Amino acid sequence: MADDNPVELKGCMDAFFELITMLALHWRIGLAVLIALISAVLLATNISWFTGWYGVLLVIFSFGAGLIWESIPRD
């Protein structure tokens, strides 16, 4: 039986909470990731050559696009 280490679980939950907080506070990144995630699922289910790895890459690249969008100076 696996030994559940509360210290490791706490570190994982803290990282997950920080990710959710970042996506909520920086809505441009969250929006880009959400649109890419929905697109990746739809493409993977409807196009035979669009595999899960393409979907993962699409979401990763959209995260980068969201970072760039977030860093553009606003007036």
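Residues numbered from 1 in each chain as written. Predicted model: local features only at pLDDT ≥ 70, side-chain atom pairs only at ≥ 80, totals over all residues. Heavy atoms only, no water.

Colleague: Outline the environment of Leu23, supporting the account with residue identities and numerical values.
Modeller: Tracing the sequence through the fold places Leu23 in helix H1 (residues 6–25). In this structure the C-alpha to C-alpha distance between Leu23 and Leu34, which are 11 residues apart in sequence, comes to 9.8 Å. With near-sequence residues (within four places) excluded, Leu23 lies in contact with Ile29, Gly30 and Phe63. (Helix = DSSP H or I, 4+ residues; strand = E, 2+ residues; numbered from the N terminus. Contact = heavy atoms within 4.5 Å.)

Colleague: Describe in detail a nonpolar patch on the surface, supporting the description with residues and values.
Modeller: A contiguous nonpolar patch, built from Trp49, Trp53, Tyr54, Val56, Leu57, Ile60 and Phe61 and spanning about 860 Å² of accessible area, is present on the exposed surface. Checked against the element boundaries, Trp53 lands in helix H3 (residues 52–71). (Patch = residues over 30% accessible without salt bridge, like charges linked within 9 Å, V, L, I, M, F, W, Y side chains within 5 Å. Areas by Shrake-Rupley, 256 points an atom, 1.4 Å probe, with all protein chains shown as cover. Salt bridge = Lys/Arg side-chain N within 4 Å of Asp/Glu carboxyl O.)

Colleague: Hey, could you go over the packing of aromatic side chains for me, with residue numbers and the actual values?
Modeller: What the rule picks out here adds up to four aromatic pairs. Here the aromatic rings of Trp27 and Trp69 are separated by 5.7 Å at their centres, their planes lie at 75°, and the arrangement is edge-to-face. Note that Trp27 is positioned in helix H2 (residues 27–46) and Trp69 in helix H3, a separation of 42 residues in sequence. Trp27 gets classed as partly exposed once you look at its relative accessible area, which sits at 46%. On the numbers, 5.8 Å between centres and 40° between planes, the contact of Phe50 with Tyr54 is tilted. For Phe50, a relative accessible area of 11% puts it in the buried group. Positioned over the ring face of Trp69 is Arg28, at 5.8 Å from the centre of the ring. (Phe/Tyr/Trp six-rings, centres within 6.5 Å; stacked < 30°, edge-to-face > 60°. Buried < 20%, exposed > 50% of the residue type's maximum accessible area, 1.4 Å probe, protein only. Lys NZ or Arg CZ within 6 Å of the ring centre and 35° of its normal.)

The values reported here are purely geometric and, on their own, carry no functional implication.
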